[in-house]
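The chain contents come next:
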Amino acid sequence: MNIKTTLATLAVMAVLASCSKDNDGTVTPENPGNYILTVTPAASTGVADYLLTAGSLETGAVSTAGNGVEQDGTYRYYVTYNDKFFSMLYGQGNPGAVTAYNVKDGKLNKLTNFQTETVQAFAPVKDDLLLFKISRNPATPLSTWYKVNTNSLLITSEGTTNTLALTGNGELAHFSWIKQVGDKVYAPYFTIINNSFATNYPDSAWVAVFNYSDMKLEKVIKDDRTSFIGRYFTDGLALTENNDVYAFSASVAANGGKLTSTKPSAITRIKAGTSEFDKTYYFNFEEVSGGMNITNWIYLGNNTFVVNATAKAEKGAYVVGTTVGIVNVADKTFKKVSGLPNATDIKSLTTNNYTPKDGKTSYIGVNLKDGTSYVYKVDASTLTATQGLKVDGGTITAIQYLK
Amino acid sequence: MQIKQILLLGLLCACSIFSNAQTTGSLKGYVKNEAGEPVESATVKLLNTAFGTVSDNAGLFAIRNIAPGKYTLTITGIGIKPLQRAITITTGNETELLIAVKSAIVNMETVTVTGRSAAQESNRQAFNVTAVDAKKLYNTTLDLAGALDRVSGIRVRESGGVGSNFNLSLNGFSGNHVRYFIDGIPMDNFGSSFQINNIPINVAERLEVYKGVVPIWLGSDALGGAINIVTGDSYRNYIDASYSYGSFNTHRTVINTALTNKRGLTVQLNAFQNYSDNSYRVKVDAADINTGAYAPNTLLNRFHDTYHNENLIVNVGVVDKSWADKLLLGITLGKNYKEIQTGARMVSVFGGWHRKGDIIMPTLKYKKANLIKNLDVTLNANYNLGSEQNIDTMNVRYDWYGNSKPNGSNGERSKSMYKYKNNNGIATSVVNYRIGEHQSVALSDVFTTFNRKGNDAINPSSADNELTKKTQKNVLGLGYSYDVRDNWSVSVFGKYIYQNNINGSAANAAATNKFGYGIAATYFLLPALQIKSSYELTNRMPEAQEIFGDVENQEGNPNLRPEQSNNFNIGVSYAFSANSNSKFLVNANAIYRRSDNFIYNRLNNNQSKLVADNRDGVRTVGGDGEIRYSYKNWLTLGTTITYQYLQNLQKYEPEYTGVSPVYKDQMPNIPYFFGNGDVSVSLRNVGRKGNNLNIGYNLLYVHAFYLYWPSRGGDKLDIPQQLSHDINLVYSVASGKYNVGLECRNITDALLYDNFSLQKPGRAFYLNLRYFLNNINK
């Protein structure tokens, strides 16, 4: 019988011998610090996003190799608010899983997971994140909003808005983004016939104004000097220190796959204390830039923006411009920035960037075709871009800062 | 390709010219034991001549071209007493014999390891094949997938309980790299109602697992291997019925029966049914649908996961006719219903979404050995008229507690009543011609067609439904083999594949031609020591489901390219005994694969569906091994181990010029180290004579693996190690006529995951009752 026992033991042990030890779960970041970079490895498939920390955006290097907090998937959006960093999964029809982090001793520290919905616009408002899930089907025109309290990290209220009735033109309103302006929420929108995103109204801009406390629609303001404000998933509004609201139009309304707007890419204004477009202010960007259009912007303070722009030939509803320049909305000027890599070497520019709001500095992600990425410091006062932190093994999708 | 066909035809014609005129006689017979069961692998010889053969799995044998005269016939074999009989062969006549042999009790105990059952006989081919004797599992509640999971090199990943989605990987290849056959007929078109995760093991007689190179008679573009389910027809008149009941309100019934009269008229019937609530308990982060707060590690029962399927297979026809060994007309009827509890992550939970499917498939099977002398012909055809439907109509969000609230307008995930038919059919033909004792030439052709048509009652305008989704494929194979039985054999073969896909409109039609070839050889160093080796340049075309999606979990990828791979296998098998009581069997295989345009499934960007995609290059190096041991006739032990390393060799990513950060990284989300162990104790004559008690234990181990690329990130997501233990007890009365089985799966109630976050059932108990009656009227 001895041989039996021995053999049985051996057989089982052979199977078990391989069980490896678990990690102890404490992972020290390669470059501890309060800057957070979200990076997608430059591989087309089977990838997750990684959250990396860095002590400085101006020097040094950081990599996804063996470093970073893995996120489940790459279809993600990131926002920093109320001293918290939120990583939100965009999953068609799936509940939107959100993970909230803070930074402790230069290291990301997971606070909690919670669940929201997959939404098409979200922005900080008061103590909350306001989320909007927007209908694309005119047969079911109710769009749902959710208020997520950033202290309790819970959905505190929700409700609906009829985004078909809102436009009155038979098309659905699709908010390009939302922004808190005083006690109100400004939601610029484009109109869509259905989920093809085509429109028959390419030559107007609209902003829906909601009263935040009950999310009641107060009014819709309209401007026929430009096409719609912002772009899909792009914030087209900026609030200056004196509470003026500036808006850019990329002029990318489309129908049947063709750009149909006759209006130029331009910047307009809603003066502080009013809720109408300021008819005295109009900055024809297309004319000033020699035919370009704005695709994205970031407000640095002191009426100064860093803008991404595309030439007429590159123009498209989802193209992010690789031309970087400085716009001063007070002077109505546009000047290109020098010091960036050759456009032919650039794969993409990051659109979710960081600025300390000092009126002149912004840090933008530049992702090169060779697979390396850098943070460039853009100085609006000198119109220069300077290479800073190197990021190995991925494309930068967001640059954020957390105290 | 024309020239090849012409050459082949010429070759076949030339061969048939050598057919002898009728100046000889022949001999045909059937070997049975005292229980009336067919005896397979018995050696049949005419003493002092070169004539000889081996009985097949139905106990049948035939020897032809014997000069007239008197001979002494000898029957020998492991587990039977040698027997001699005088016979007379006359010109132009076929002598028929019924031979009853007696079991050699003294040798019985060695059968487990050294006796060559049909299953083990398959293992002696030149191909790297593992055969599983399904009969040994008849008293369990396993389905085919569960049985296959115990084979070295195979890992079946399931997303949940009974009827859940599965993905079988074989030596690192998974999905449609591995093709399934039932009696040599591809199962590609059987739909959701008839799949390896809902067919009970009792339908099969044995399962043949070909790793890597697939023999020509399984004509197909399998790249990673093939699984052939042999249903067998060794019993001509029998009934085998079983019923089981167990945890999560699971009921399973299987009835297999066949009736054959003396004139060869036969009716075969397989009927089976599975039902389960799959209401097993899971540990989840359950979100409050109103506040979004998670209650971590909450224990809850699944509430929307009912699965059931009912199937009936009937074949009517004739056997043992001069013009047909078998001609069967049949129909496979079945339907299934499946509720969908979760998406690709357990945080997305559904309460109304479900799926239905049915199968209505007429079949034709024809087989004739020596249609003309030495020419065997097999023809099979079937056409599936069945349909599938995806039903998602509730505009709500569910939580794990079963609560729901209104949520937009697009169903739970994507509003749908889409119902479609794939209109798929298969025709296969194999012609095998033997040249003398050692050589044979085989020509095989498999044609498949797929034409999806569907509509959605609640999205009648959905343009996608109107698009043409059509694919046709033909695989033509030619093989030659030279076989010196129990000494050495070699096979060479070529395969020519043609596929035409139409996606959207005729303008988007794309035809592809691929040519592949290979060689397989085996050599017996000793009668019990076999080495085998094979090489193949193989092609695998994108499957219809991969191109067009399955409307549920698989997203279509019309741009998927065919994959090509160089496959090398080497294996060794050795049987030996330590002493007269202790017998060992050792198998070891090593594989090397270099694949271009490697096709694999990844999650889409939303993490909501799987999508098939190509990698430029993937290298697989791996090995698997098996050790079996038996002591006398009452104890058997076995263990299998598999290790496989799949490495990404795509150096550049699309649109990037630098070396990919995951170049030479291990492929993510693929189990790479796993194994099984089993112990079985058979106690004879328990209670009374003829009553046996069998106690079995099975262990499954899967090493943890990463969800995403291993080299990236420091704080990573993984699929944790799995270790589960199953035990079963079977009490058989009256030499196996009545059987009572008791089974416990996952005794330790371990949390098991095959896929990230998708928890499988915990501890479960099943009671299984089986009745078997065999009455051969030969």
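Parameters and conventions
Residues numbered from 1 in each chain as written. Chains lettered and ligands numbered in written order. Predicted model: local features only at pLDDT ≥ 70, side-chain atom pairs only at ≥ 80, totals over all residues. Helix = DSSP H or I, 4+ residues; strand = E, 2+ residues; numbered from the N terminus. Rg over C-alpha atoms; globule rule 2.2 N^0.38 Å. Buried ≥ 20, exposed ≤ 12 C-beta atoms within 10 Å, placed from the backbone. Contact = placed C-beta atoms within 7 Å. Nonpolar A, V, L, I, M, F, W, Y, C, P; charged D, E, K, R; others polar. Domains from an automatic or database assignment. Pairing = 2+ DSSP bridges. pLDDT = per-residue confidence, 0-100.

With respect to the overall build of chain A
So, step 1. Looking only at helices and strands, chain A has two helices and 31 strands in total.
So, step 2. For chain A, whose C-alpha radius of gyration is 24 Å, the value lies close to the compact-globule estimate of 22 Å for 403 residues.
So, step 3. Its C-alpha atoms give chain A principal-axis dimensions of about 100 × 50 × 40 Å.
So, step 4. Across the 403 residues that make up chain A, the buried fraction comes to 50%.
So, step 5. Long-range contacts, defined as pairs at least 24 residues apart, comprise 48% of the intrachain contacts of chain A with a sequence gap of at least 6.

Digging into the interface of chain B and chain A
So, step 1. On the side of chain A, 59 residues touch chain B, which itself brings 58 residues to the contact.
So, step 2. Mapped by element, the contributors of at least two residues to the side of chain B that touches chain A are strand S19 (281-287), strand S37 (582-603), strand S38 (610-631), strand S39 (635-648), strand S40 (673-683) and strand S41 (692-702) of chain B.
So, step 3. Tallied by class, the residues present in the side of chain B that touches chain A amount to 22 nonpolar, 26 polar and ten charged.

Points about the domain arrangement of chain B
Quite often, the size of an interface is put as the accessible area lost when its parts meet.
So, step 1. Partitioning chain B into structural domains gives domain 1 (24-108) and domain 2 (114-232 + 262-774).
So, step 2. Taking the mean C-alpha position of each, domain 1 of chain B and domain 2 of chain B sit 38 Å from one another.

As for the sheet that holds strand S10 (residues 166-170) of chain B
Residue and element names in this part refer to chain B.
So, step 1. One open sheet accounts for three strands, arranged S9-S10-S11; its pairing is antiparallel. Because the sheet does not close on itself, it has two edges, and the strands there are strand S9 (154-158) and strand S11 (173-174).
So, step 2. Note that S10 and S11 share two bridges and pair antiparallel. In the sheet register, leucine 170 faces S11, and the bridge partner there is phenylalanine 173.

A closer look at the confidence of the model for chain B
Residue and element names in this part refer to chain B.
So, step 1. Looking at chain B, the pLDDT average stands at 84 and 92% of residues meet or exceed 70.
So, step 2. Per-element confidence in chain B ranges from a low mean pLDDT of 35 for helix H3 (residues 111-114) to a high of 94 for strand S22 (residues 326-339).
So, step 3. Note on residues 1-21: pLDDT is under 50 here. Beyond four places in sequence and across chains, it has eleven contacts.
So, step 4. In this model, residues 105-117 is a region of pLDDT below 50 whose contacts with residues beyond four sequence positions or in other chains number 29 contacts.
So, step 5. In the predicted assembly, ipTM is 0.87 and pTM is 0.83.

A few points about the pairing of strand S18 (residues 265-276) of chain B
Residues and elements named next belong to chain B.
So, step 1. Burial of the side chains of S18 is restricted to one face: Thr266, Gln268, Asn270, Phe272, Asn274 and Ser276 are buried, whereas none of Leu265, Val267, Leu269, Ala271, Gln273 and Tyr275 on the reverse face is.
So, step 2. As paired strands, strand S17 (residues 250-260) and S18 are joined by ten bridges and run antiparallel to one another. Residue pairing for S18: isoleucine 255 is matched across the bridge by alanine 271.
So, step 3. Adjacent in sequence and paired antiparallel, S17 and S18 are bridged by four residues, among which glycine 264 carries a positive phi angle near 90°.

A few points about unusual backbone geometry
So, step 1. Positive phi outside glycine occurs at phenylalanine 233 of chain A, with the angle close to 65°.
So, step 2. Checked against the element boundaries, phenylalanine 233 of chain A lands in the loop between strand S17 (216-223) and strand S18 (237-239).
So, step 3. Judged by local crowding, phenylalanine 233 of chain A falls into the partly exposed class, with 15 C-beta atoms found within 10 Å.
So, step 4. Residue aspartate 749 of chain B is not a glycine yet carries a positive backbone phi of 60°.
So, step 5. By the secondary structure assignment, aspartate 749 of chain B is in the loop between strand S45 (738-745) and strand S46 (753-755).

Some details on the sheet that holds strand S1 (residues 35-40) of chain A
So, step 1. Across the sheet, which stays open at both edges, the four strands sit in the order S4-S2-S1-S31 (chain A) with antiparallel pairing between neighbours. The open sheet is flanked by strand S4 (69-70) and strand S31 (395-401) of chain A, the only strands paired with a single partner.

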